[in-house]
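Summary of the model geometry
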Protein chains: 2
Amino acid sequence: MSHVSPAFAPVFGNCIKLLRKVLYTESGQPFLVAGSGTLGWDAVAANLIEKDEKALVLNTGYFGEAFADCLSLYGADVTQLGAPLGGAPIKKQITEALKKDKYKVLTFTHVDTSTGVLSNAKMIAETVKEVSPETLVVLDGVCAVASEEIRFDDWGIDVVISATQKGLGVPPGLSVVVASQKALKVFEQRKSLPASYYISWAKWLPVMKNYEAGTPSYFATPPVQLIYALETSLKTIMEGKVSLEERFKMHRETSVKFKTAMKDMGFKLLPLSDDTSANGMSAVYFPDGFKAPDILPKMLKRDIVVAAGLHKDVKDRYFRVGHMGVTVVNPERGDMEKIIKGIQDSFAEAGYKVPSGSA
Amino acid sequence: MSHVSPAFAPVFGNCIKLLRKVLYTESGQPFLVAGSGTLGWDAVAANLIEKDEKALVLNTGYFGEAFADCLSLYGADVTQLGAPLGGAPIKKQITEALKKDKYKVLTFTHVDTSTGVLSNAKMIAETVKEVSPETLVVLDGVCAVASEEIRFDDWGIDVVISATQKGLGVPPGLSVVVASQKALKVFEQRKSLPASYYISWAKWLPVMKNYEAGTPSYFATPPVQLIYALETSLKTIMEGKVSLEERFKMHRETSVKFKTAMKDMGFKLLPLSDDTSANGMSAVYFPDGFKAPDILPKMLKRDIVVAAGLHKDVKDRYFRVGHMGVTVVNPERGDMEKIIKGIQDSFAEAGYKVPSGSA
């Protein structure tokens with residue numbers, strides 16, 4: 001299928017329209033570009049930041065840290081607001097930071113995959129509206145879109161960054177960014193050119209508008225097959241047997257089920273509280289005396305691929321498990337039971353004994 | 001398949017190794033990153049150019065022009081060397097330009113898809129070595145890799161930029177860049193940071209080296225399925241029944257066959273001479289009185305998707321046909337016969353009569 005084929009344009013257009021629905025937005029402008037989720041950081045930095053403009057980055061793990069690096073590289077004057085490992089900045093801290101200085105953008109990682117920490121997107125956006133309404137609210141939703149509720153218009157989010165391979169259930173390779181009309185206005189008013197050629201919104205905005213109107217348009221070749229896959233997935237999400245609200249509820253319930261199973265084994269979770277725990281994934285500390293090389297191959301043997309640690313402070317001390325998309329919404333697959341049993345069996349095989357009083 | 005799965009790393013590594021063979025290079029360093037071919041321009045501009053450094057762009061159509069825009073955006077001081085529509089800068093012009101000024105990079109579009117013009121890559125690289133050996137030679141091979149011969153080491157090319165959806169016969173969505181050790185040294189010696197986060201070679205070089213050594217590594221998620229597809233295609237190219245030399249010969253022969261059929265219909269080609277004609281595609285002028293909307297839907301009805309014009313000077317006056325990859329190397333498919341007949345029938349249906357003396 002050619003990207004300029006008349007048959008392809010409506011598929012691309014449909015992705016744009018359905019994506020708005022997943023994020024509960026009427027006027028948000030999606031950008032679908034070949035690339036990974038990381039490219040979304042460049043999109044924000046290159047299109048919304050000009051040299052020495054201030055950015056406040058709420059840091060809840062590796063991805064907050066890296067987003068800050070990206071913003072700095074494009075000339076932003078970045079302030080990071082951190083939290084103890086497993087926690088997230090609280091309202092009071094955010095309010096104080098916003099009062100202390102005027103920021104062009106505030107960014108946060110909705111789910112930081114390195115820690116399994118969930119940020120309170122609604123509270124963050126509300127706080128910005130209260131204290132510094134001109135500041136753009138940027139939500140990094142790579143590991144959150146379609147597994148965590150995001151009410152783009154109601155909460156007043158200005159940019160959502162995502163990728164296809166997490167909650168959207170599509171192969172990796174497609175960068176998904178949605179910008180509010182307010183963000184687009186800020187972009188239009190910038191004095192310098194966008195600092196990237198490939199991810200310049202000046203190049204992509206007309207292309208997205210054309211495809212939405214059913215007309216093929218060219219700046220750079222879109223990943224045609226991934227657009228088809230995304231349309232299929234978005235249709236399933238918006239028009240399938242499970243409503244969007246039900247989808248989020250199922251993610252919350254499955255998360256509790258998985259985390260309870262881990263606690264029952266005597267394992268500790270990275271997030272410090274249930275309030276800051278992601279619903280589409282879990283970060284779980286190894287029990288004392290166990291490490292990734294002892295356990296991960298044993299899981300692999302059982303067809304379970306989990307990720308090793310990523311946060312620099314505790315890299316070798318925990319593992320990460322995704323539970324999102326079909327795994328959650330199609331329980332008849334039995335994925336969760338298989339994953340929990342596989343983890344239990346792998347630890348048992350490695351000689352781990354569940355402490356009495358745990359399960 | 002997870003990108004950090006141990007089963008995936010050797011596939012990625014194999015792509016890197018096989019890609020070197022397709023370009024006849026021992027030490028060229030491939031970079032495979034989610035993105036379209038256009039991202040390769042940013043890779044060159046952001047990694048090899050620092051503010052106000054000089055770039056000489058040989059312009060043979062839309063893609064030369066756009067590459068120049070990209071380089072300028074990243075701060076390069078760009079000089080363009082043009083040619084009449086359908087032609088390419090000749091050795092004398094290139095020599096003079098290189099003598100007049102000192103350029104950090106020279107770029108050219110091996111095949112400019114907007115005009116069907118083939119640049120003489122060997123001559124260009126030789127001229128640079130003769131006149132300005134320090135200048136890096138950058139070949140934009142989006143529409144050339146695997147359909148036109150590129151002898152990276154022998155000719156002294158420093159960067160090849162490409163994408164997967166043309167001669168490599170893989171869906172779009174993967175940016176392919178190969179850099180010489182000389183180019184990497186120039187990169188390492190730059191004074192400022194790379195001007196892009198997403199496509200920074202500082203981020204990607206260790207990842208590529210790790211994957212080649214068989215170890216999964218992370219900076220941004222690779223498009224796993226496209227990497228598998230690329231491995232399959234590269235294996236077919238390097239280990240299939242047709243040798244690489246034979247592949248290029250078949251592209252040349254098929255191109256002559258197609259272009260002859262167009263001339264027999266009384267059509268003119270955009271390239272001014274056979275020497276500057278691409279072998280993997282053709283750009284063909286409509287005969288007087290015919291335009292894209294008259295003809296393209298008639299071709300589409302016959303399952304033939306051709307592209308409309310792209311070069312601003314003659315946008316509505318020509319169409320473009322790809323003849324590369326399986327279409328060429330698997331003649332038993334009968335693609336070329338079908339395409340030629342489909343074009344003939346479409347024009348006949350539109351009332352075109354082949355002038356006497358043409359066929």
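As the structure is a computational prediction, the values presented were derived from the model and not from experiment.

We now examine the domain arrangement of chain A. Residue and element names in this part refer to chain A. Per the domain assignment, the segments making up chain A are domain 1 (9–239) and domain 2 (244–349). Taken together, both faces of the contact between domain 1 and domain 2 bury some 2,200 Å²; the carbon and sulfur share is 63%. Sorting the residues of domain 1 by area buried against domain 2 places Leu85, Leu118 and Ser147 first, and these three jointly supply 24% of that buried surface. Here domain 1 and domain 2 share one salt bridge between them. A salt bridge links Glu245 to Arg151, with the shortest nitrogen-to-oxygen separation between them at 3.6 Å. Applying the counting rule to domain 1 against domain 2 returns eight residue pairs in polar contact (both at pLDDT 80 or more). When contributions to the side of domain 1 that touches domain 2 are tallied by element, the ones reaching two or more residues are α1 (9–22), α3 (62–73), β5 (111–112), β6 (117–118) and α9 (224–239).

Quick look at the pattern of salt bridges now. Residue and element names in this part refer to chain A. This model, assessed by the stated rule, comprises 35 salt bridges over all chains. In this structure, Glu212 and Arg20 form a salt bridge, with 2.8 Å as the shortest nitrogen-oxygen distance. You can see Glu212 sitting in helix α8 (residues 201–212) and its partner Arg20 sitting in helix α1, a full 192 residues away along the chain. According to the relative accessible area criterion, Glu212 is partly exposed, its value standing at 22%. Accessibility expressed as a relative area gives 12% for Arg20, which makes it buried. For Asp101, the salt bridge goes to Lys54, with nearest N and O atoms at 3.3 Å. Of the two residues, Asp101 sits in the loop between α4 (91–100) and β4 (105–109) while Lys54 sits in strand β2 (residues 54–58), which places them 47 residues apart along the sequence. Overall, Asp101 belongs to the partly exposed group, its relative accessible area being 28%. Given a relative accessible area of 28%, Lys54 falls into the partly exposed group.

Within the structure shown, the criterion is met by one cavity of 30 Å³ or more. Considering the residues around the largest cavity, the lining is formed by Leu39(A), Asp42(A), Tyr74(A), Ser196(A), Tyr198(A), Ile199(A), Leu39(B), Asp42(B), Tyr74(B), Ser196(B) and Tyr198(B). Residues that form the lining of the largest cavity fall into these classes: seven nonpolar, two polar and two charged.

Burial in helix α5 (residues 121–131) of chain B covers these residues: Ala121(B), Met123(B), Ile124(B), Ala125(B), Thr127(B) and Val128(B). Its buried side turned inward, α5(B) meets β2 (54–58), α4 (91–100), β4 (105–109), β7 (136–140) and α6 (152–155) of chain B.

All right, on to the nonpolar core then. Counting 211 residues, the largest nonpolar core has Leu32(A), Trp201(A), Trp204(A), Leu32(B) and Trp201(B) as the members making the most contacts within it. Residues in contact with Leu32(A), not counting those within four places in the same chain, are Phe12(A), Cys15(A), Ile16(A), Leu19(A), Leu174(A), Ser175(A), Val176(A), Met208(A), Ile227(A) and Leu230(A).

Right, let's get into the UniProt feature "modified residue: N6-(pyridoxal phosphate)lysine" (unreviewed entry) in chain A. Residues and elements named next belong to chain A. Mapped onto this numbering, the UniProt entry annotates "modified residue: N6-(pyridoxal phosphate)lysine" (unreviewed entry) at Lys166. Mapped onto the fold, Lys166 is located in the loop between β8 (159–163) and β9 (174–179). Taking the relative accessible area as the measure of exposure, Lys166 reaches 22% and is therefore partly exposed. Apart from residues no more than four positions distant in its own chain, Lys166 is found in contact with Thr113, Val142, Cys143 and Met324.

What counts, and where the lines are drawn
Residues numbered from 1 in each chain as written. Chains lettered and ligands numbered in written order. Predicted model: local features only at pLDDT ≥ 70, side-chain atom pairs only at ≥ 80, totals over all residues. Heavy atoms only, no water. Domains from an automatic or database assignment. Buried area = accessible area lost by both parts, 1.4 Å probe. Salt bridge = Lys/Arg side-chain N within 4 Å of Asp/Glu carboxyl O. Polar contact = N/O pair within 3.5 Å; in protein donor to acceptor, adjacent residues only side chain to side chain. Helix = DSSP H or I, 4+ residues; strand = E, 2+ residues; numbered from the N terminus. Buried < 20%, exposed > 50% of the residue type's maximum accessible area, 1.4 Å probe, protein only. 1 Å grid on protein atoms, 1.4 Å probe; cavity = no way out; pocket = protein on both sides within 12 Å on 5 of 7 lines; lining within 4 Å. Points joined across faces, edges and corners; volume = space filled by probe spheres on them. Nonpolar A, V, L, I, M, F, W, Y, C, P; charged D, E, K, R; others polar. Contact = heavy atoms within 4.5 Å. Core = buried A, V, L, I, M, F, W, Y, C linked by side-chain atoms within 4.5 Å. UniProt positions renumbered as here; feature names shortened; annotations may be inferred.

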